[in-house]
Amino acid sequence: MPAVVIVGAQWGDEGKGKATDLLGESVDYVVKPNGGNNAGHTVVIQGEKFELKLLPAGILTPGVTPVIGNGVVVDLEALTEEIEMLTARGVDTSSLRISANAHVVAPYHRTLDKVTERFLGKRAIGTTGRGIGPAYMDKVGRLGIRIQDLFDASILRQKVEGALRQKNALLVKLYNRREVDIDETTEQLLSYADMLRPMVVDTTALLNDALDRGEVVLMEGGQATFLDVDHGTYPFVTSSNPTAGGSCTGSGIGPTRVDGVIGIVKAYTTRVGAGPFPTELEDEWGEFLQRVGGEVGVNTGRPRRCGWYDALMIRYAVRVNGFTDLVLTKLDVLTGIEEVPICVAYDVDGTLHHEMPMTQTEFHHAEPVYETMPGWTEDISGCRTVEELPEAARNYVKRLEELAGCRISAIGVGPDREATIAVHDLLPGPQHSTSA
Ligand code: GDP
Ligand code: IMO
Ligand code: MG
């Protein structure tokens, strides 16, 4: 039975949270495979807005078991705050499960994230400042603290000491900061052990057993393809693999069990933080998309940079993720634009490119080449079938589908769960439904 993956196709904030919520009632488990509280997934249910940073949006669907996979880095303070926020709003979080192998974002990772960004000066990445990069650096550098370490005080002390011996040298000698106390940090981390104990399990067994029983597991990726440390616009990326392959590693579900890979695509492009962005608009149209699309980062409150739809990016995302379906979001935001531009090629120093250029230097020099499609003025937020869309909107969607080389299976026409046009079934095989 199916495991299905949700992946952001651009630079994040495509509407992955809403897509997860949409599928919520047809799935049994929602697992977050990568990232940490650098994400910001918004879900609007009957006008009520929820913003999740660390927990998967599936936590909002009664009957779904939300899981934090081994590939996630967990800030325990952020975890506690989010659970408290949800509990206060009447959401039952008692079924949340966390991988014993997930890594911890320790307070010194947050400090290092901030001082490193300052140190980079003009070359700063514009991170969310949540300690994500430093936590993944320690994971790969084999200096990380895992959730399971919190259940063995002496191991934890040794690991904190090992990590801090290196960090303190960096903090004091390079960054001119105070040393971090080993005992204090160990105690601080240990204080979460009792709260965590009932939630921590072998999530790979949990998820694979569920698949064996014929249940449906949805992997809700954080971040997006162009923020992927391998496939994104390096070094202006996050430190995990948000692409489809990363969701297998980050949850312990083998690729042979994955039946659907759903790419979430915004009808235009946005980016938070630094880095190249060929179709970025620094004129009134950029301001229009920012304002009408409400493009302000959930996590850090930064305005998102906005630009037209980039078909080369999506084709590349289809390639590196092997998307089976696309969900096109925020089509309603384009209403009222007379001629809607679509970037179909890049001019790189006089050479025309129809696919993503091989090097970052070329991508930095890329000038967008546009074709335009006639726009529409009718309010589409109430449309629930493709037939109800104005012809120009239908043609725009059809053109995006052609350029992507992948079918568009749902179209978002508003933030609310209901504001969606279903085109094809997003879950493969016989539609599964829970009693939720
Ligand atoms: P995520 O990080 O991919 O989950 O996306 P975010 O939640 O950060 O950003 C997407 C924003 O767009 C949120 O405010 C959503 O409520 C909103 N949204 C999602 N789909 C649609 C849509 O089809 N139309 C409109 N107008 N807003 C949408
Ligand atoms: P969701 O899941 C948009 C960006 C940051 C920065 C870069 C590195 O909501 O789509 P990091 O703190 O991860 O080291 O920052 O990645 N970034 C996101 N941008 N949406 C996100 O998540 C993001 N997560 C990280 O702005 O440019
Ligand atoms: Mg977001």
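Everything quoted here is computed from the prediction, not taken from an experiment.

What follows covers the packing of aromatic side chains. Per the counting criterion, the structure on display carries 9 aromatic pairs. Ring centres of Trp11 and Phe277 lie 5.1 Å apart, and the angle between their planes is 55 degrees; this geometry places the pair in the tilted category. Taken together, the positions of Trp11 in the loop between strand S1 (3–8) and helix H1 (16–23) and Phe277 in the loop between strand S12 (269–271) and helix H10 (284–292) put the pair 266 residues apart, joining distant regions of the chain. Judged by its relative accessible area of 3%, Trp11 falls in the buried class. Aromatic ring contacts, followed pair by pair, group Trp11, Phe226, Phe277, Tyr316, Tyr346 and Phe363 into a single cluster. In this arrangement the basic side chain of Arg89 is found over the ring face of Phe50, its NZ or CZ atom lying 4.1 Å from the centre.

So, on to the coordination of the magnesium ion (ligand 3). Under ideal tetrahedral coordination, the four donors around a metal are separated by 109.5 degrees; under ideal octahedral coordination, the six donors are separated by 90 or 180 degrees. Around the magnesium ion (ligand 3), the protein contributes the donor atoms Asp13 (OD) and Gly40 (O), at 2.0 to 2.1 Å from the metal centre. Here Asp13 is found in the loop between S1 and H1, whereas its partner Gly40 is found in the loop between strand S2 (29–32) and strand S3 (41–45), with 27 residues between them in sequence. For Gly40, a relative accessible area of 13% corresponds to the buried category.

All right, on to a positive patch on the surface then. A cluster of basic residues, Lys114, Arg118, Arg177 and Arg178, forms a positive patch at the surface. Its place among the elements puts Arg177 in the loop between helix H5 (153–174) and helix H6 (182–190). On the accessibility criterion, Arg177 (37% relative accessible area) is partly exposed.

Leu331, Leu334 and Tyr396 are the most contacted members of the largest nonpolar core, which has 69 residues in total. Setting aside residues up to four positions removed in sequence, Leu331 forms contacts with Ala267, Trp376, Ile380, Leu389, Ala393, Tyr396, Val397, Ile411 and Gly412. Grouped together as the second largest cluster of nonpolar side chains are 37 residues, Val74, Leu76, Val104 and Ile147 included.

Another aspect to go through is the UniProt feature "binding site: substrate" (unreviewed entry) in the protein chain. Under the UniProt annotation, the feature "binding site: substrate" (unreviewed entry) is placed at Val298, Asn299, Thr300, Gly301, Arg302, Pro303 and Arg304. For Asn299, the location among the structural elements is in the loop between H10 and strand S13 (305–307). Within the element layout of this structure, Thr300 appears in the loop between H10 and S13. When sequence neighbours within four positions are dropped, the list of residues in contact with Thr300 reads Thr128 and Arg130.

The next subject is the sheet that holds S1. Here we have 10 strands laid out as an open sheet, ordered S9-S7-S5-S2-S10-S1-S11-S15-S19-S20, and mixed in their pairing. Both edges of this open sheet fall to strand S9 (200–201) and strand S20 (420–422), since each of them pairs with a single strand only. Here strand S19 (residues 408–412) pairs with S20 via 3 bridges, running antiparallel. By the bridge assignment, Ile411 is partnered in S20 with Ile421. Against the sheet, helix H13 (residues 391–404) makes contact with strand S15 (325–329) and S19, and its axis sits at roughly 135 degrees relative to S19, the strand it touches most.

A few words now on helix H2 (residues 76–88). Its 13 residues give H2 an end-to-end C-alpha distance of 18 Å, which sits within 8% of 18 Å, the value for a rise of 1.5 Å per residue. For H2, the N-terminal capping position is held by Asp75, with its side-chain oxygen 3.0 Å away from the main-chain nitrogen of Glu77.

Turning next to the environment of Arg118. Considering the arrangement of structural elements, one finds Arg118 in helix H3 (residues 107–120). Each C-alpha atom, one on Arg118 and one on Asn38, is 18 Å from the other, the two residues being 80 residues apart in sequence.

For the rest of this paragraph, the subject is the site of ligand 2. Near ligand 2 lie 20 residues; those nearest to it are Lys16, His41, Thr128, Gln223 and Thr238. One of the side-chain N or O atoms of Thr128 is found 2.6 Å from an oxygen atom in ligand 2. In this structure, an oxygen atom belonging to ligand 2 sits 3.0 Å away from a side-chain N or O atom of Arg302. Computed on the free molecule, ligand 2 has an accessible area of 550 Å², of which 98% lies beneath the protein chains in the complex. For the shell around ligand 2, the class distribution of residues is 6 nonpolar, 11 polar and 3 charged.

Rules used in this analysis
- Residues numbered from 1 in each chain as written.
- Chains lettered and ligands numbered in written order.
- Predicted model: local features only at pLDDT ≥ 70, side-chain atom pairs only at ≥ 80, totals over all residues.
- Heavy atoms only, no water.
- Phe/Tyr/Trp six-rings, centres within 6.5 Å; stacked < 30°, edge-to-face > 60°.
- Helix = DSSP H or I, 4+ residues; strand = E, 2+ residues; numbered from the N terminus.
- Buried < 20%, exposed > 50% of the residue type's maximum accessible area, 1.4 Å probe, protein only.
- Lys NZ or Arg CZ within 6 Å of the ring centre and 35° of its normal.
- Donors = N, O, S within 2.8 Å, 3.2 Å for Na, K, Ca; no water.
- Patch = residues over 30% accessible without salt bridge, like charges linked within 9 Å, V, L, I, M, F, W, Y side chains within 5 Å.
- Areas by Shrake-Rupley, 256 points an atom, 1.4 Å probe, with all protein chains shown as cover.
- Salt bridge = Lys/Arg side-chain N within 4 Å of Asp/Glu carboxyl O.
- Lys, Arg positive; Asp, Glu negative; His and termini not counted.
- Charge placed at Lys NZ, Arg CZ, Asp CG, Glu CD.
- Core = buried A, V, L, I, M, F, W, Y, C linked by side-chain atoms within 4.5 Å.
- Contact = heavy atoms within 4.5 Å.
- UniProt positions renumbered as here; feature names shortened; annotations may be inferred.
- Pairing = 2+ DSSP bridges.
- Axes fitted to C-alpha atoms, helices over the stretch in contact; angles between N-to-C directions.
- Expected span 1.5 Å × (residues − 1).
- Polar contact = N/O pair within 3.5 Å; in protein donor to acceptor, adjacent residues only side chain to side chain.
- Near = heavy atom within 4 Å.
- Nonpolar A, V, L, I, M, F, W, Y, C, P; charged D, E, K, R; others polar.

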